[in-house]
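# A structural walkthrough
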Amino acid sequence: MRRRTLLKGSLSATVAPVLAGCGELSPGDDNPRTLVVHNMLTAGSANAEVYDHLQRAFERNNPGVRIKNLVSGGTDLINVYETARLADKEADVVMVNLAEKTLSWTGLGATVPVNRYLDAWGLRDRFLPQALKEWTDARGRVAGFPWNGFTWPVAYNTELLKRYGVSQVPTTTDELTAAARKVRAGGGKGLVSIGGNDWSGQKLLMQIMQAYLPPERAAHLFAHAGYAADPLALRGLELFTRLRDAGVFFQGAQGLNADSMNTDYYTGRAPAISAISSTLINVPEKIAAVTELGGWPTPPGGVYDKPTAFRGYTATGIWLSPRGLKKLDLVKRFVTFLYRPANSRAFVRDAGQVMAVRGATESPRFPLVSESVRLPESRIAYAVMPDLYVPPAVSQLLIRASSLAYVPGRGAHSIATALDAAYRG
Amino acid sequence: MVWLYALVLVLPLYYLLISSFKTTTSIFDSPLAPPAHPEWHYFGDALRYARLDLALVNSVLVTVVALVLTLLLAVPASFALARGQGRAARVLERVFSLGFLVPTFAALVPTFLMAAFTGLFHTRTFVMLLLPAGAMPLSVVVLTQFMRTIPAELEESARVDGAGTLTVLRRIFIPLCMPGIATILLLNFLNFWNEYLYSLVIIGPDTSQRTIQVALPTLQSNQATEYGVLMAGTALTLVPVYIVYVLLQRRMEEALISGAIKM
């Protein structure tokens, strides 16, 4: 009797919670009235709040329809989606960037090209031509609907520059090194704060390296390596080392990251940073008021006659999964709802996003982001963004290799060799 | 020296706690300074944004069920191995030890395939069953050694009094092995609670199912993380760990003392 009671107790203690837990598993995944959207909207961000608001509006406009959101961080999302796809349990729609591993999704059949829906759903004309180009692969397949992107200018704190005796924003490398000398002489840690130890430092290194590289050649190098064998790449890297040794970058840049770089700028310690639009969103009003946006100064004889910046529309796209095909009507309703002009404008106005659609640029709450979108091509030239070309397996290794470039004493050839080594794994 | 060591242990906790009340800028600007203007709302924000309340319940469910299963399997297995005199028992004990040789990452793909094959992919149930399997080698090896220290005379006298095998296990071996049981409970609790990779891949990101370790990173973005909220969320995940540690530490001490008296 006691033995039975013990067994019953043990079994119920174990099985009951398991069964209770099973009761609510995957609610609505296969429900034809539920659309599962996997996104990487950081909980609590302005972007997520706008999305939540629109999702509720969509559900109100479509009685009986439910949007079920799955949220993961960028890298986690990719891993989770890929394994879920293998088990045929992936979300219907995925909102993620086009870079690294996702570049191979269309080719592998992990997601469905959206070419036919661009016209069928009347969306083609909504997108900026550059955005559609970036989302189209070599075989003409459009990987997903372009959603938002980024601008990546250089932010200069003009008040701080003036305090160090620099009267105007530098536009050439000579002006840049002269300004850096003044900042150092005035007791500053450097002219440009940069996260030499992460993606922010890698992008700036690649931007400076392109000074003498024609765009097609830069794209080829990013895709296939060969930095040490390319005299123009080496010349660009030599320029980088000259700037580094002239004290342009903050002391100890090789150990800094994007967060410390942003803090340096937000607190008024850094005269300049290479600032992606998501950084510009958070610049405090006091600093924003004295901020002038520009590009990275270029050398005489380089391929760009104006300071350079990056811009792109690959930060987020709306991808359709094979399971999503089974709920195509719901997907169509949801996607076309998001791309309504008023709705995509809400992401610009209330979350400071750089959208891949036409006519969504003004954001009074985020004036620096708006200004960065409007930077005229008479002042800025756009360098080749490496992320679309660097192979998925190489990206993280390349970031680690790039951090070596910020170590004082490293020569151009040594940096190029380290970059090439990243491609060999 | 002891104070220095204590300081080394306390410093990260201090940093975590004070950062839970500071803005991102002040965290990076003055990392070790106490908050000048505490942001009390970060804890509420973390709970609300990432639904840490639901995630906490899921983590408790997964961890408790996995711990119960581990004990239900490891205690009888260790009992049998400790009492076994033959060659088979020695071989079986070594087979359990082989489990230490399987690296976590190496088991991921086969585990995923098993989850997909059994139809338990994207369920907590699979992880509840998986975690005890991973914990068995350590649990069985530790408990077997504890049970071997129990004198055979105790079992013999119980048998003379008419006790069956289950009674011997329940009335003699389990009470005397409480230090070992508390030890494996504590170690496995920490492992189960902090488990991330399998919870992420197998359970997935569904808010209604995900564990707290999977929910927490959703507070972090690639480019603009509000570190105060992230730190507050991290501090919240540590509270159950601290409670269990304190509870089991006491039990372990009590069991050690009572075991010594009985012995």
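On the side of chain A, 42 residues touch chain B, which itself brings 41 residues to the contact. Summed over both sides, the interface of chain B with chain A buries roughly 3,500 Å², with 62% coming from carbon and sulfur. For the pair chain B and chain A, the interface holds two salt bridges. Residue Arg269(A) pairs with Asp29(B) through a salt bridge whose shortest N-O separation is 2.3 Å. Remark: the boundary between chain B and chain A carries five residue pairs in polar contact (both at pLDDT 80 or more). Take the side of chain B that touches chain A: its biggest share by element is five residues, from helix 4 (residues 52-83) of chain B. Class assignment of the residues belonging to the side of chain B that touches chain A gives a composition of 21 nonpolar, 14 polar and six charged.

What follows deals with the environment of Pro214(A). Residues and elements named next belong to chain A. Note on placement: Pro214 falls in the loop between helix 9 (199-209) and helix 10 (215-224). Residues Pro214 and Ala393 lie 179 residues apart in sequence; the distance between their C-alpha atoms is 25 Å. Residues in contact with Pro214, not counting those within four places in the same chain, are Leu232 and Val303.

Two faces, one strand: in a regular strand the side chains alternate between the faces of the sheet. Residue and element names in this part refer to chain A. Burial of the side chains of strand 5 (residues 154-157) extends over both faces: Val154 and Tyr156 are buried on one face and Ala155 and Asn157 on the other. Where strand 5 lies against strand 7 (residues 272-274), three bridges are found, and the strand directions are antiparallel. Across the sheet, residue Ala155 finds its bridge partner in strand 7, namely Ile273. Where strand 5 meets strand 8 (residues 291-294), four bridges bridge the pair, whose relative direction is antiparallel. Bridging across to strand 8, Val154 finds its partner in Gly294.

So, on to the nonpolar core. Formed by 86 residues in total, the largest nonpolar core has its most connected members in Tyr227(A), Phe249(A), Trp296(A), Leu398(A) and Leu419(A). Per-element tally for this core: the top contributor is helix 19 (residues 412-424) of chain A, with seven residues. Beyond its immediate stretch of four places on either side in the chain, Leu398(A) contacts Gln202(A), Met206(A), Tyr227(A), Val390(A), Leu419(A), Ala422(A) and Tyr423(A). One finds Val65(B), Val127(B), Cys177(B) and Tyr198(B) within the second-largest nonpolar core, a separate group that totals 63 residues.

This next bit is on unusual backbone geometry. Negative phi values dominate among residues other than glycine, just as trans dominates among peptide bonds. Even without being glycine, Asp88(A) reaches a positive phi, approximately 60°. Looking at where Asp88(A) falls in the secondary structure, it is placed in the loop between helix 3 (74-86) and strand 3 (93-96). Residue Asp88(A) is classed as partly exposed on the basis of its relative accessible area of 38%. At Arg51(B), a position not held by glycine, the phi torsion is positive, near 50°. Inspection of the secondary structure puts Arg51(B) in the loop between helix 3 (42-49) and helix 4.

The rules behind each value
- Residues numbered from 1 in each chain as written.
- Chains lettered and ligands numbered in written order.
- Predicted model: local features only at pLDDT ≥ 70, side-chain atom pairs only at ≥ 80, totals over all residues.
- Heavy atoms only, no water.
- Contact = heavy atoms within 4.5 Å.
- Buried area = accessible area lost by both parts, 1.4 Å probe.
- Salt bridge = Lys/Arg side-chain N within 4 Å of Asp/Glu carboxyl O.
- Polar contact = N/O pair within 3.5 Å; in protein donor to acceptor, adjacent residues only side chain to side chain.
- Helix = DSSP H or I, 4+ residues; strand = E, 2+ residues; numbered from the N terminus.
- Nonpolar A, V, L, I, M, F, W, Y, C, P; charged D, E, K, R; others polar.
- Buried < 20%, exposed > 50% of the residue type's maximum accessible area, 1.4 Å probe, protein only.
- Pairing = 2+ DSSP bridges.
- Core = buried A, V, L, I, M, F, W, Y, C linked by side-chain atoms within 4.5 Å.

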